[in-house]
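Examination of the molecular architecture
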Amino acid sequence: MGIHAAWLPSEAFRALGARRVLVAGAGPIVETVWDEVTRACDRFGGAAYRSGLSAEVPAHLDLVLSTAGRCPGAGSASAASPTEGPAASPTEGFVLGRRAESTTVLADGAAGMLYGLFEIARRGESAFDPGLADERHDPALLLRVLDHWDNVDVHPVMGQVERGYSGGSIFWHQGRPHDDLTRVRSYARLLAACGINAITVNNVNVHLSETRLLTSRLDEVAAIAGIMRAYGVRVHLSVNFAAPVILGDLPTADPLEDTVRQWWAQTTERVFEAIPDFGGYLVKADSEGQPGPFTYGRGHDDGANMLAAALAPHDAVVRWRAFVYDHRQDWRDRSTDRARAAHDHFAPLDGRFHDNVIVQVKHGPMDFQTREPVSPVLSAMPATRLAVELQVTQEYTGQQKHVCYLAPMWSGVLAEVAGQVGALAAVSNVGSDEFWTGHPLAQANLYAAGRLAWDPHRGPVALLDEWIDLTFPSAPGPLRSILHDLMDESWRTYEQYTAPLGVGFMVRPGHHYGPDVDGYEYTPWGTYHFADRDGVGVDRTRTTGTGFAGQYPHDRYESVATCPDELLLFFHHVPYGHVLHSGVTVIQHIYDTHFAGAERVTAMRQRWRRAEGLVDPALYARVADRLDEQVRSAGEWRDQINTYFHRKSGVPDAHGRRIH
Ligand code: GCW
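The shown structure was predicted, so the numbers you read here are calculated from the model rather than taken from an experiment.

**Some thoughts on the pairing of strand β17 (residues 385-391)**
For β17, the buried fraction is high: seven of the seven residues fall into the buried class. Alternating residues of β17 divide into R385, A387, E389 and Q391 and L386, V388 and L390, and every residue in both groups is buried. Where strand β16 (residues 357-362) meets β17, five bridges bridge the pair, whose relative direction is parallel. Each residue of the ladder has a partner; that of I358, found in β17, is R385. Relative to strand β18 (residues 423-427), β17 runs parallel, the two sharing five bridges. Residue pairing in the sheet places A387 in a bridge with A423 of β18. Once the chain exits β17 it traverses helix α11 (residues 407-417) before rejoining the sheet at β18, and the crossover so formed is right-handed.

What follows is the structure, encoded as structure tokens:
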């Protein structure tokens, strides 16, 4: 099985590879750049020179890539703020411009040179435009990390990759590291080319074998780190808070016990002996059954600060997840609201975390639903370093069987949290699948997550076109417009045929695929819609509801008059006859969007048929298969949702369409 080139087909290097290119600098990442440049030049007829090493360097060069250091006065790195901190890298920025009739990348360091190289590749011929004006490029977010939910072993319920829809892990196979890590190297390259600078190799639910990655299986992590390093990607590890006990060394994991603190300090020292540029720990504690400081009557600040102290000597961070809630709730209890939980637990701790702790917050208050408000935690902790967590793996957005381009959602989130977060963590959608992501078009989500972390202002539509042009370099006009048409609005289409107006869930319990309106209604998971014969939605207002709306510093969500339609049922319980800002009633909106969404998917399938012969036949077939499933599934959603609400409300469809 070959390795799919994704957004780095060799064609992407044609413009660069046909030119005279000088590489100036030293170190392992510069070697990577050199390797890229020489391969491109060999392929496309250009010539590569190495400053100080090549015998003859011609007087005229087309491209100079150099680690010339930060240009005085060109700096865009902002003054220190709580969103920054010790893990800030000063080496990633670069200035792209023209000097002495050559295109130049003057990088702050080797990583900047690598990012500059990929910027040149993205631009193709236009990178060599004599009129190119100087541009400074710096990442908006210093930590841009992809979190893998990979297990070493195959978990009996979750499989090898938890919520993974792309085959097995790219790191482990049958309980051991893959013999051949070539794929991991290609992966590192793809990550760097979209701006990602860190990965967490294992699942946040840390089972026994994965707990050992910290100690007796550390060499496996070091091997991955060795490959990633060449592309400027640092490796992080999800750790089990109870590791000192589970690994059999201590009777307690109490974060205030000296023996426990020493255990972590010594263990962490050994990690750095094996992986000198290790990035840090990721922790899911006291959440969905994972161990945590609550067991010892300690707080999340105690737990996080203990690990932070162990990591502090090494310029590394602990990311501590704010995804903490009661997953054993009684559905009869209307006072508990899962949406409130992260803010209730973490906002009071603002200012109590060490400066190498990053509190990692899911973008919405619930759990990666198709539509959620932005988590209020992200504006409630100004004295804490924060990461926003996105889910690239499509657990609730079609599981890589449905086309669902998520960048429009993420851009909205990032616009709201600008200035409040210094890091972006994205749950990976990658696996051993030949197209990396199961659905080949889901590669665009991975690409966009990295690119948005680098530059959140880049529009989702521009990013989509960028991805299409790179991935399908020979895309003639028709193919580009087919892909654009299929993907651009696909998130909104998915929203149309699934749970309405921000109410969320309504998925089959366990695997979370396909409709089951009441699947979670009487369960302990805290994900309810409260539909009855009169209305639907969750009253989260301050005045009559759970009070969640009061966690925001503004009042937009409190009143139905100001709450946006798409979040109405997240915040309010309303009668079916309630008229939306759009002018239609809630019940009619449900019928209309479900018919429209499913119809749109059928049209997408039709449209894709015109791509036959324009793309690689295997990719064509894979997308075609997935679209068949999406058509089937969207019809299932439409019928179950419409029938359910028709039966509950007794209100007929104004247009007399078929409801079962
Ligand atoms: O969305 C839920 C998933 C769990 C996941 C959890 C989390 C890794 O259903 O599979 O566990 O979120 O984010 O920790």
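**Let's talk about the pattern of salt bridges**
Taken as a whole, this structure holds 47 salt bridges when the rule is applied. Measuring nitrogen to oxygen at the nearest pair gives 4.0 Å for the salt bridge that ties R600 to D485. Of this pair, R600 sits in helix α17 (residues 586-609) while D485 sits in helix α14 (residues 477-487); the two residues are 115 residues apart in sequence, bridging distant segments of the chain. The class of R600 is partly exposed, set by a relative accessible area of 25%.

**Things to note about unusual backbone geometry**
For R163, which is not glycine, the phi torsion reads 55° and is therefore positive. One can find R163 in the loop between β9 (159-161) and β10 (172-173). Here the phi dihedral of F368 falls at roughly 55°; this positive angle occurs in a residue that is not glycine. Structurally, F368 can be placed in the loop between β16 and β17. On the accessibility criterion, F368 (3% relative accessible area) is buried.

**With respect to the side chain of Q630**
Looking at the element boundaries, Q630 is found in helix α18 (residues 617-649). According to the relative accessible area criterion, Q630 is buried, its value standing at 1%. With near-sequence residues (within four places) excluded, Q630 lies in contact with K401, H402, V403, Y497, V601 and M604.

**Notes on the nonpolar core**
One recurring pattern in soluble globular proteins: nonpolar side chains tend to sit buried together. The biggest cluster of nonpolar side chains holds 199 residues, and the ones touching the most others in it are W7, W264 and W608. Sorting elements by how many residues they give to this core places α18 first, with 11 residues. The next biggest cluster of nonpolar side chains, apart from the first, holds eight residues, and it includes L143, A198, V317 and I358.

**Section: the confidence of the model for the protein**
Low pLDDT marks stretches whose predicted atomic positions should not be read closely. Mean pLDDT for the protein: 95, with 97% of residues reaching 70 or above. A low-confidence stretch, residues 71-88 stays under pLDDT 50, and its non-local contacts, those more than four residues away or across chains, total 31 contacts. This complex was scored by the predictor with a pTM of 0.96 and an ipTM of 0.99.

**Comments concerning the UniProt feature "domain: Glycosyl hydrolase family 67 C-terminal" (unreviewed entry) in the protein**
Under the present numbering, the feature "domain: Glycosyl hydrolase family 67 C-terminal" (unreviewed entry) in UniProt falls on residues 437-657. Annotated as 47% helix and 2% strand, the span residues 437-657 places its first and last C-alpha atoms 37 Å apart.

**Brief notes about the sheet that holds strand β13 (residues 234-238)**
Strands sit in the order β7-β12-β13-β14-β15-β16-β17-β18 around a closed barrel of eight strands; the barrel is parallel. Each strand axis lies, on average, 25° off the axis of its neighbour in the sheet, ignoring direction.

**Considerations on the site of the ligand**
The full set close to the ligand counts 15 residues, and E162, K284, R321, K362 and E395 are the nearest of them. For the ligand, an oxygen atom lies 2.9 Å from a polar atom in the side chain of R163. Here an oxygen atom of the ligand sits 2.7 Å away from a polar atom, N or O, in the side chain of R321. In isolation the ligand has 340 Å² of accessible area, and contact with the protein removes 97% of it. Residue classes in the shell around the ligand are distributed as four nonpolar, three polar and eight charged.

The rules behind the values
Residues numbered from 1 in each chain as written. Predicted model: local features only at pLDDT ≥ 70, side-chain atom pairs only at ≥ 80, totals over all residues. Heavy atoms only, no water. Buried < 20%, exposed > 50% of the residue type's maximum accessible area, 1.4 Å probe, protein only. Helix = DSSP H or I, 4+ residues; strand = E, 2+ residues; numbered from the N terminus. Pairing = 2+ DSSP bridges. Right-handed = clockwise from strand over helix to strand, strands pointing away. Salt bridge = Lys/Arg side-chain N within 4 Å of Asp/Glu carboxyl O. Contact = heavy atoms within 4.5 Å. Core = buried A, V, L, I, M, F, W, Y, C linked by side-chain atoms within 4.5 Å. pLDDT = per-residue confidence, 0-100. UniProt positions renumbered as here; feature names shortened; annotations may be inferred. Axes fitted to C-alpha atoms, helices over the stretch in contact; angles between N-to-C directions. Near = heavy atom within 4 Å. Polar contact = N/O pair within 3.5 Å; in protein donor to acceptor, adjacent residues only side chain to side chain. Areas by Shrake-Rupley, 256 points an atom, 1.4 Å probe, with all protein chains shown as cover. Nonpolar A, V, L, I, M, F, W, Y, C, P; charged D, E, K, R; others polar.

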